[in-house]
Amino acid sequence: MTWTGTWSESGSVAEPLVLFVNGRKIVENDADPEMTLLTYLRRKLGLTGTKLGCAEGGCGACTVMVSRFHPQHQRVLHHAVNACLAPLCSLHLSAITTVEGIGSVAQKVHPVQERIARAHGSQCGFCTPGIVMSMYTLLRNNTTQLKMADVEEAFQGNLCRCTGYRPILEGYKTFTKEVGCCGGRGVANGCCLANGNEADGSLTNGSEAESVPLFNTSDFLPMDPTQEVIFPPELMSLSKAGLSGCLRFQGERVLWLQPSTLDELLLLKSQHQDAKLVVGNTEVGIEVKFKNMLYPVILAPAFIPELHAVEHTEEGVLFGAACSLTCVGAELKATVDALTPDQTQVFKAVLEQLRWFAGLQIRNVAAIGGNIMTASPISDLNPVLMAAGSKLTLISTEGRRVVQMDSSFFLSYRKTAVQPGEILLNVLIPYSTQGQHFSAFKQAPRREDDISIVTTAMSVTFVTGTTVVKDMKLSYGGMAPMTVLANQTARKLIGRRWGEELLQQACSSLAEEMTLDPSAPGGMVTYRRTLTLSLFYKFYLTVLRRLQEEEGVDSVEKLRPDCLSATELYHHETPSSIQLYQAVPKGQRQEDVVGRPMMHLSALKQATGEAVYCDDIPMYKNELHLALVTSTKAHAQILSIDVSEAEKMPGVVTCVLAKDIPGSNRTGPILLDETVLAEDRVTCVGHIIGAVVADSQLHAQRAAKAVRVKYQEIHPVIITIQDAIAAQSFFQPIRTIQRGDLEAGFRQADHILEGEIHIGGQEHFYLETNVTVAVPRGEDGEIELFVSTQSAAKTQSLVAMCLGVPSSRVVVRVKRMGGGFGGKESRSTLLSTVVAIAANKLKQPVRCMLDRDEDMLVSGGRHPFYGKYKVGYMDSGKILALDLTYYSNAGNSLDLSLSVMERALFHMENSYSIPNIRGCGFVCRTNLPSNTAFRGFGGPQGMMVAESWMSDVAQSLGKPAEEVRRINLYVQGELTPFNQVLDQLTLERCWEECLSRSNYHQRRAAIQSYNRQNRWTKQGLAIIPTKFGIGFTATFLNQAGALVHIYTDGSVLLTHGGTEMGQGLHTKMIQVASRVLGVSCSKIHISETSTNTVPNTSPTAASASSDLNGAAVQNACEILQKRLEPYKTKNPKGSWEDWVKNAYYDRVNLSANGFYKTPDLGYNFETNSGRPFNYFSYGVACSEVEIDCLTGSHKNLHSTIVMDVGHSLNPAIDIGQVEGGFMQGLGLFTLEELRYSPQGFLYTRGPGMYKIPAFGDIPTQLTVSLLRDAPNVKAIYASKAVGEPPLFLASSVFFAIKDAVSSSRSDAGLSAAFRLDSPATPERVRMACPDPLSSLCPPAAPGSFIPWDVQV
Ligand SMILES: Cc1cc2nc3c(=O)[nH]c(=O)nc-3n(C[C@H](O)[C@H](O)[C@H](O)COP(=O)(O)OP(=O)(O)OC[C@H]3O[C@@H](n4cnc5c(N)ncnc54)[C@H](O)[C@@H]3O)c2cc1C
Ligand code: FES
Ligand code: FES
């Protein structure tokens, strides 16, 4: 594999890699072709501000700005780029700017960093540097004319799991010309709401105008473009000096060859026919990282002008194959503006596809040629290029040839007609012609940055002046192993007139031609088949509309007005929002920050990249890396584990197996029913069997793949809840809560209805995956662990158990987490224990941060639930009796599943008073990774079933759902099914406020009118309440501790039992301490949570951490305050520092422990008595959506949320929790789908396939109001818990979708209650709206095939 080419002969001598990072020149003589920019920044340069969230270009956490001088444009261009996919070698002569390069708290923050922080757009902060860099790059390219649409486009490739996005957009709106609604705060200054615009969620109460803004724009640093870091002058000279750009780097496994002329490239390609051309690496990078591919020779054409050229020819626009999609988009947009509409139909279709093609970071580097040559069956460009008749120029040392992109080009799965030795030189995208109509459609689970389910382009050309089809091309992606043309159908339509008859024929022909095997990869077979017809129908209507608009065309069939909306392309509106909360009472001391919207205290550090997360801790000198070995079988006996190959691999130090555990191999948060490392049996795919420790993460991961495990499968393999029911595979006990007389209730009821619903699980998708650094201390078995965990104490005890040492020898330290959401409550210990065993075995520090796919594979998530119900009710809608059965899919161990089921049962009636009720909960044992805590902890699933029967009751009675919900709402003093009295009930107030703020009744009337006028798009509305019990249902966990030290300089070190995962707990605790001690927050510091400061802590969970830890902090501070009191009295004019010093000299103890336990808690299932909860949080939300009945997509139009958080400790943080929880719930109920094979293999192991809500999913109008004057006597400073309760409110979006589906069904003559499972994905929505098109694609009979995926 040696290259003996002609570079030196042609004058092209290989250069060292030269790049600039944050202005610093770096010369690499020995760059590793396999190293990504991200690894280089983090590991080699120590620039840990740039984060790793997924390694597949799907989250944007790794975004940096890459600037290059472009000779063609004679200027510097800046691009946001995913550092996780960019090969280091691809950055020759580039300037990289990372988050550290633009500002720091230590020196000066940049306005982009400051505004996201002050606008409360950073919670856990793990996504923040990436978002900052996307925004920064946008501003570097466009400072004066920025529109919100540009900002939103810039964020298409960034995800945030915490904030719900609204505050990020709000903060960055300040860089644009557009001004949002002030939420009524500017009533005096001509606010739109004060001007009678009450239809938008109005404010009518003058006192509400007292809400102060959540942030003050006048505090912001001004943006001064002249102060920006300049493009390095030396780099400018180097770039202009015409360096060849030639590189040659040989790494451990891969050779990187970067020639500078086309001839050199072709010669190299002829010598290395298997070499991969790499441009954006957005495909090759994924194949190498996730598909175990190895390409020993990489050819990089980055410096070859012909591959980057753009030329306008007589036929169309010719793009060099290495032109980025951003470049293609910009060029086509300019061309569309310059030419006539007749000529640019194809270009517009390409632009429409590019709108939804990946995120900007990917489009900035991914090449058009890369998309074609990957030959993916779901490529978004290939259908357009095929239907348009694009031409490709292929070139080799033998010469060049031009081929047409037709059925002969794509041969089979990822195979093209390109010969070995050939490369793609350029692509011609043709002009459209007169009489031609061209459209492209893409249907994906999520609109932004998602891969297609079905993608298509359609072209029809009419005989001039007629509607007779002269030529037709229909191409589809997602319907075969490669992009295909529906040639048979197209042929049949030639010569026919564009009208109803043609439509009928096209649909029946497409239904025959575009078939799919019922087991086809990707699943959704019936939906995909239906989509081929639905999208054709859209094209048909679109052409009909255009023909009608055209003049001089003969006898066009009339487009029915109620079909018009089906022809509209998705139009995105910039979201607007209102946040309302009660200002602190007049007269509250300025220094008293309780109740004020104080910024998260780490937000600025998070925005500058200075905040240290676990994997940012600098490497110890002798530190090693660990990778897990996991089971590939769901249920099997382990026959043998062979590590011999792995041990021979480069960099490997040792393999860790069960025999290396000095203590116990049993583990689990409650029951010890799991193994730390499987010995003889595995019970799920992803079961941890062992680990490999090596000198780098890459070496460890490669070697882990080389460990050979032999299995013998065990039957049965139980994957789904239905499997578990059939096999009666349940964990014990089976819980029941019962109250009233069920039989009597059913006897009295006017009607009885039965139904069922399945609620899918959910991946936590914390942006920071699980990570542990374990450092043996060298004596007495001591070990220190730095962990991203919500449960330091549990980690400590389980590590101690497996190491066989007392807990006192194990210290667990948690600085902050990049999100937790329950996923790091118990499952984080899976990794920590293994890393601790390895560190203990080697007596060396060991680190492991799981890759996203590993994390998703092993760590479990929210429990899928299946609920069956029988409900008895009166004509009025009043529910008399309810009999419920819940089944949850717990996975292979109990973990916290019993408590999760208990909480589901505690929430089975949601907010409704039901006199006779019984709920029974079965926890299913299956062969999936153990499911676990997730924000809401079973409550959302329990309440979702409740709202399902409620909506069925309303539908069956033909009554408005809000009326039926309203008459069943609890009233003050009533008892829950578990006999807890509801006092301080604010449900009705929340309901009424939500009804009026959302203008519910006006909206309902408008929707009815809209739905009458539109057949293929429907709107829907729903208002949903929630009641959420606060407290751990395991009573002993309702305790907390705090430790407060005051140092002699007056500074205060505060420690408490809670961990910070973005929810702002530390900020709230400092607010509490500041009030009690009467000192400014700036004097109080929280360094970390650790087991050697506050012991035996409960996990930070159950929304109760502010209540519990707040009271413990208050207790400790009050003790100290009392001790200082005499010094204050003695010297009232003295300063805090004086009092502290005087106390110290008097030998007063300036350190205090605080403790708190929630009083009067405890519930007994046997007797159905006692109080499981301290109090309840209440809220109500109303949402409005619009669905596309042909595709199943929906738009979130509006949501109004009214939430009772008592007297908010910090309204900015609480509103952040409400919005973040709501968006996470929106993901749960409408978008996020974990997909498993029938054998229990998880397909969805990264953001590419698993879609959490993105920026574009925020409701277009979002109002959040914190209920006023609702003090809570049961928690610190009259506040209420807020972390979990709002999540369920997002079910209002689900039920609004169901409402819209009902309208579509009613047009189809279906009026009965119907089942809609959660999430309401496009597939489910489309299939719930039957019509003549879907009837042409009947599903295969269940049981007649093995499906690709199963509902678990
Ligand atoms: C997060 C993410 C989102 C994505 N979203 C989408 C999407 O929405 N729609 C979609 O269609 N795709 C999507 N993709 C796929 C991918 O971005 C595209 O296929 C992209 O255009 C590939 O271009 P590249 O330059 O990065 O290819 P590379 O990875 O550099 O190369 C891809 C392949 O093309 C070959 N190749 C490249 N240039 C030539 C040439 N001139 N001659 C011969 N062979 C060549 C390479 O050898 C390689 O086999 C996504 C990918 C990621 C990572
Ligand atoms: S880490 Fe690069 S995009 Fe997620
Ligand atoms: S703040 Fe965005 S992921 Fe946590």
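Up top is the structure.
Conventions used here
- Position numbers for residues start from 1 in each chain and track the written sequence from start to end.
- The lettering of chains begins at A and the numbering of ligands begins at 1, in the order of writing.
- The predicted nature of this model means local features are confined to residues of pLDDT at least 70 and side-chain atom pairs, given and counted, to a pLDDT of 80 or more, with totals for whole chains, interfaces and linings taken over all residues.
- Only hydrogens and water are set aside; all other atoms, that is, all heavy atoms of the structure, feed into the side-chain values.
- A single heavy atom is enough: if one lies within 4 Å of a molecule or strand, its residue is considered near that molecule or strand.
- Pairs of N or O atoms are called polar contacts if they sit within 3.5 Å, as long as, within protein, a hydrogen donor faces a hydrogen acceptor (for residues adjacent in sequence, only side-chain-to-side-chain pairs).
- Where accessible areas are quoted, they stem from the Shrake-Rupley method and a 1.4 Å probe; at the residue level, only the protein chains shown are allowed to cover.
- Helix numbers and strand numbers start at the N terminus; a helix is a DSSP run of H or I with at least 4 residues, a strand a run of E with at least 2.
- Each residue is assigned to one class: nonpolar for Ala, Val, Leu, Ile, Met, Phe, Trp, Tyr, Cys and Pro, charged for Asp, Glu, Lys and Arg, and polar for all the others, Gly among them.
- Only when DSSP finds a minimum of two bridges between them are two strands counted as paired.
- Each axis is a line fitted through C-alpha atoms, taken for helices only over the stretch in contact, and angles between the N-to-C directions span 0 to 180 degrees.
- Contacts are assigned to residue pairs with any non-hydrogen atoms lying within 4.5 Å of each other.
- Here is the rule: rings of Phe, Tyr and Trp (six-membered ring for Trp) pair when centre to centre is within 6.5 Å. Planes less than 30 degrees apart are stacked, more than 60 are edge-to-face, and the remainder are tilted.
- Only protein chains enter the accessibility calculation, which uses a 1.4 Å probe; a residue whose area is less than 20% of its type maximum is buried, one above 50% is exposed, and one in between is partly exposed.

Novice: What is the right way to look at the site of ligand 1 in this model?
Specialist: Taken together, 31 residues form the shell around ligand 1, and within it Lys276, Leu277, Val279, Thr282 and Asp380 come nearest. Take Leu277: an N or O atom from its main chain is 2.8 Å from an oxygen atom of ligand 1. Between Gly280 and ligand 1, the recorded distance is 2.8 Å, taken from a backbone N or O atom to an oxygen atom. Burial of ligand 1 by the protein chains amounts to 92% of its free accessible area of 990 Å². For the shell around ligand 1, the secondary structure elements donating two or more residues are β8 (276-277), α12 (368-374) and β16 (423-430). Ranked by residue count, the leading element in the shell around ligand 1 is α12, at 4 residues. Classifying every residue of the shell around ligand 1 by side-chain character gives 16 nonpolar, 8 polar and 7 charged.

Novice: Even after reading the chapter, I still don't get the sheet that holds strand β3 (residues 63-70), so can you show me in this structure?
Specialist: By definition, the strands of a sheet pair up through backbone hydrogen bonds, in either a parallel or an antiparallel sense. A sheet is described by the order of its strands in space; here 5 strands give the open sequence β2-β1-β5-β3-β4, paired in mixed fashion. Two strands lie at the open edges of the sheet, namely β2 (24-28) and β4 (75-82), each paired on one side alone. Averaged over all pairs of adjacent strands, the angle between their axes in this sheet comes to 30 degrees, without regard to strand direction. Pairing of strand β1 (residues 17-21) with β2 involves 5 bridges; the strand directions are antiparallel. In the sheet register, Leu19 faces β2, and the bridge partner there is Ile26. Helix-sheet contacts for helix α1 (residues 37-44) involve β1, β2, β3 and β5 (94-97), and the interaxial angle to β2 is about 110 degrees. Helix-sheet contacts for helix α3 (residues 128-141) involve β3, β4 and β5, and the interaxial angle to β3 is about 25 degrees.

Novice: I'm lost on the packing of aromatic side chains in this one. Help?
Specialist: The way to describe two aromatic rings as a pair is by their centre distance and the angle between their planes. Counted according to the given criterion, the structure contains 38 aromatic pairs. Taken together, a centroid distance of 4.9 Å and an interplanar angle of 75 degrees make the contact between Phe409 and Phe410 edge-to-face. In terms of burial, Phe409 and Phe410 fall into one category: buried. Ring centres of Tyr1243 and Trp1348 lie 3.7 Å apart, and the angle between their planes is 5 degrees; this geometry places the pair in the stacked category. Separated by 105 residues along the polypeptide, Tyr1243 in the loop between α33 (1211-1230) and β49 (1261-1266) and Trp1348 in the segment after α36 (1332-1335) bring together distant segments of the chain. For Trp1348, a relative accessible area of 16% puts it in the buried group. Pairwise contacts between aromatic rings join Phe462, Trp498, Phe536, Tyr537, Phe539, Tyr540 and Trp1016 into one cluster.

Scope: geometric values only; no functional claims are made or implied.
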